[in-house]
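Report on the structure
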Amino acid sequence: MKRLLSTGLNAGSDTVVEVVGGKGAWFELSDGRRVLDGSNSAGALGHAHPEMVETIRKAADYPVVSEGWFFREREKAAEDLIDIGFAGEHDWVGAVRFGLSGSEINDLALSLAQAVTGRAPIATRERAYHGLTGLSRDVTVQPQWHGGLSLMSGGVRPAAPNTETRIIAAPMGSLYGTRDYDLPPESPGEVEAKLDGVSAAIIDYSQGGIYHDAQWQDMVAAAARKKGALWIADEVITGAGRMGQWFAFQWGKSRPDIVTMGKALAGGAAPIGAVILSKEMVERLDGAAWQAYSTFRGHPITMSAVRTYLRIVKRDALLDRVAALGAVIGARLVEIAKKHPSVARVDGRGLHWTIELHGPHWKSWRADTSVAPIASKVAARALANDVVIGTSGEQTSLFLAPPLIMSDEEIARLLDVLDDALAVADEEHARTAG
Ligand SMILES: Cc1ncc(COP(=O)(O)O)c(C=O)c1O
């Protein structure tokens, strides 16, 4: 019996990859191969970045100090995040609390919203994923990520969520192709009606292959304000640099009441979550104790990793680099999509991109199938060519999230291998179309 319970990112895939090491943008596997890591949303600085390794080594000397203690390194990490990550946002940004993961920090942010507004319902957008604990699981819309047993193995969801969740139609728009919408587009009036009585509207900017739309963000933000609801920007994937700017919400005019972060914020070197409150929110708390203690939040090792990560992104001008790479990748992906009839849609920003395929079960971004998903077959072909391309657990969706430090040559290789691997999807598309 295997003693470790695990999950797979690639729904239906039985490809097991044993990682024994990693350097830069490359994984080292137990069979001696080096494979390029093209889909790793936390590993923003790649693997074993020398400065991250050094920071963690030094931090191992720190005392065991929980969130209940004052610890200078934690204060400094909060100051660095505000000074560096929120530079230019100082007229509205307030204060930071650190957490353990994206899921946990979204739960914390949403419970705060419920406490502050005295309301329970929460709004999110279609195809959203906010995590797998508490309220973040309740408001996760993606049907295969519910924390129960995968539908692929004939499994079941846990009990239905306790929280009333209102689902807003996602924004329109793609760089290539069109989206298979679950909900028709909604007018500002319809969105306002959905936000009536909710504690918060929580919006993320990549899940389900749906990216930022400034006008849509501003419309939802205005509706939330009008209805006395808070607006939470879930920047767990998109925050901390992956978009070619610190946050996706910065493309809009509106500014959130709460921002949540995770993944890359500690450079992938330690588990992390962070919730950032606006000044107005901090004032609303009015000195009330926010009783949300947790043993490992703001752990000294994580705090050092956060500080080093922020410093490296700023010093190495990584945001500019990501923005420039994003333009190159977008243009190349459109070229690739035009060559492959199996590609239905492409969208993304900076260093996060989604490629949606036509599948044998078109309209099947869900994973409730027992057949090997087409996206997993494409990923397997890419892996055979020494490149990791992720799927989001859906049948038809691939995503790219390379490290921010990937070289031009490595990016070109990633896209060449994707181009080749899509032939697998074309064959299946030709067989099953019509
Ligand atoms: C937008 C978003 N929110 C929340 C989460 C959950 O983060 P974690 O996996 O760290 O719990 C994710 C993870 O993919 C995410 O993409």
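Predicted model, so just to flag it, every value in this text is computed and none were measured.

Structural notes on the packing of helix α5 (residues 188-195) against helix α6 (residues 214-226)
- At their nearest, the axes of α5 and α6 sit 9 Å apart, and the two run at 45° to each other. Regarding the angle of α5 to α6, the classification is oblique. As for the relative orientation of α5 and α6, their crossing is right-handed in sense. Along its contact with α5, which presents Pro 188, Val 191, Glu 192 and Leu 195, the element α6 presents Met 219, Val 220, Ala 223, Ala 224 and Lys 226.

Concerning the site of the ligand
- Residues in close proximity to the ligand total 14 residues, the closest being Gly 102, Ser 103, Gly 131, Asp 204 and Val 236.
- The element best represented in the shell around the ligand is helix α3 (residues 102-117), accounting for three residues.
- Residues of the shell around the ligand, tallied by class, amount to three nonpolar, eight polar and three charged.

As for the sheet that holds strand β6 (residues 165-168)
- The mixed open sheet is built from seven strands, whose spatial order is β4-β11-β10-β9-β8-β5-β6. The open sheet has two edge strands with one neighbour each: β4 (93-99) and β6. Each strand axis lies, on average, 20° off the axis of its neighbour in the sheet, ignoring direction.
- Alignment of strand β8 (residues 200-204) against strand β9 (residues 230-234), held across five bridges, turns out to be parallel. Looking at β9, one finds that Ile 202 is bridged to Ile 232.
- Against the sheet, helix α2 (residues 72-85) makes contact with β4 and β11 (273-278), and its axis sits at roughly 130° relative to β4, the strand it touches most.

Thoughts on the domain arrangement of the protein
- If you check the domain split of the protein, you get domain 1 (19-49 + 318-432) and domain 2 (52-315).
- Summarising the inter-unit geometry, the C-alpha centres of domain 1 and domain 2 are found 25 Å apart.
- With 37 residues of domain 1 at the interface, the matching set in domain 2 holds 35 residues.
- Elements represented by at least two residues in the side of domain 1 that touches domain 2 include exactly α9 (318-339), β12 (343-349) and β13 (352-357).
- With eight residues, the single largest contributor to the side of domain 1 that touches domain 2 is α9.

Topic: the sheet that holds strand β15 (residues 390-391)
- Spatial strand order, β7-β12-β13-β16-β15: five strands in an open sheet with antiparallel pairing. Bordering the open sheet on either side are β7 (176-177) and β15, each of which pairs with just one other strand.
- Here four bridges tie β13 to strand β16 (residues 397-400), and the two strands are oriented antiparallel to one another. Across the sheet, Ile 355 pairs through a bridge with Leu 398, a residue of β16.
- In this fold α9 packs onto β7, β12 and β13, with an angle of close to 175° to the strand it touches most, β12.

Structural notes on unusual backbone geometry
- With phi around 70°, Ala 240 is a residue other than glycine that occupies positive phi space.
- Residue placement: Ala 240 occurs in the loop between β9 and β10 (258-262).
- Taking the C-beta count within 10 Å as the criterion, Ala 240 has 28 such neighbours and is therefore assigned buried.
- Notably, Ala 317 is not glycine yet its phi reads approximately 50°, a positive angle.
- C-beta crowding within 10 Å serves as the criterion here: with 9 such atoms nearby, Ala 317 is assigned to the exposed category.

Brief notes about the environment of Glu 75
- Among the secondary structure elements, Glu 75 is positioned in helix α2.
- Taking C-alpha positions, Glu 75 is 9.3 Å from Val 96, a pair spaced 21 residues apart along the chain.

Quick word on the nonpolar core
- Counting 117 residues, the largest nonpolar core has Ala 200, Ala 201, Val 220, Ile 258, Ala 274 and Val 306 as the members making the most contacts within it.
- Here this core spans two domains, and each of domain 1 (19-49 + 318-432) and domain 2 (52-315) adds at least three residues to it.
- With residues near it in sequence (within four places) discarded, Ala 274 still touches Leu 81, Val 96, Phe 98, Gly 99, Ile 105, Met 261 and Leu 265.

About the criteria used
Within each chain, residue numbers correspond to sequence positions counted from 1 in written order. Side-chain atom pairs in this predicted model are given and counted only at pLDDT of 80 or more, local residue features only at pLDDT of at least 70, and totals for whole chains, interfaces and linings cover all residues. To get an axis, fit a line to the C-alpha atoms, keeping to the stretch in contact for a helix; angles then go from 0 to 180 degrees between the N-to-C directions. Comment: elements are numbered from the N terminus, with helices defined as DSSP H or I runs of at least four residues and strands as E runs of at least two. Oblique is the label for any angle not under 35 degrees, not over 145, and not in the 65 to 115 range, which are roughly parallel, roughly antiparallel and roughly perpendicular in turn. Handedness of a helix crossing follows the sense of rotation of the near helix relative to the far helix, less than a right angle counterclockwise being left-handed and clockwise being right-handed. By the convention adopted here, residues are in contact when the distance between their C-beta atoms, placed from the backbone, does not exceed 7 Å. Only the C-beta atom matters for this test: placed from the backbone, it must lie within 6 Å of a molecule or strand for the residue to be near it. Classes in brief: Ala, Val, Leu, Ile, Met, Phe, Trp, Tyr, Cys and Pro nonpolar; Asp, Glu, Lys and Arg charged; the others, Gly included, polar. In short, DSSP must find at least two bridges between two strands for them to pair. The split of the chain into domains comes from an automatic or database domain assignment. The exposure scheme places C-beta atoms from the backbone and then counts, for each residue, the other C-beta atoms within 10 Å of its own, assigning buried at 20 or more, exposed at 12 or fewer, and partly exposed in between. Here, a nonpolar core denotes buried Ala, Val, Leu, Ile, Met, Phe, Trp, Tyr and Cys residues that are linked to one another through C-beta atoms within 7 Å.

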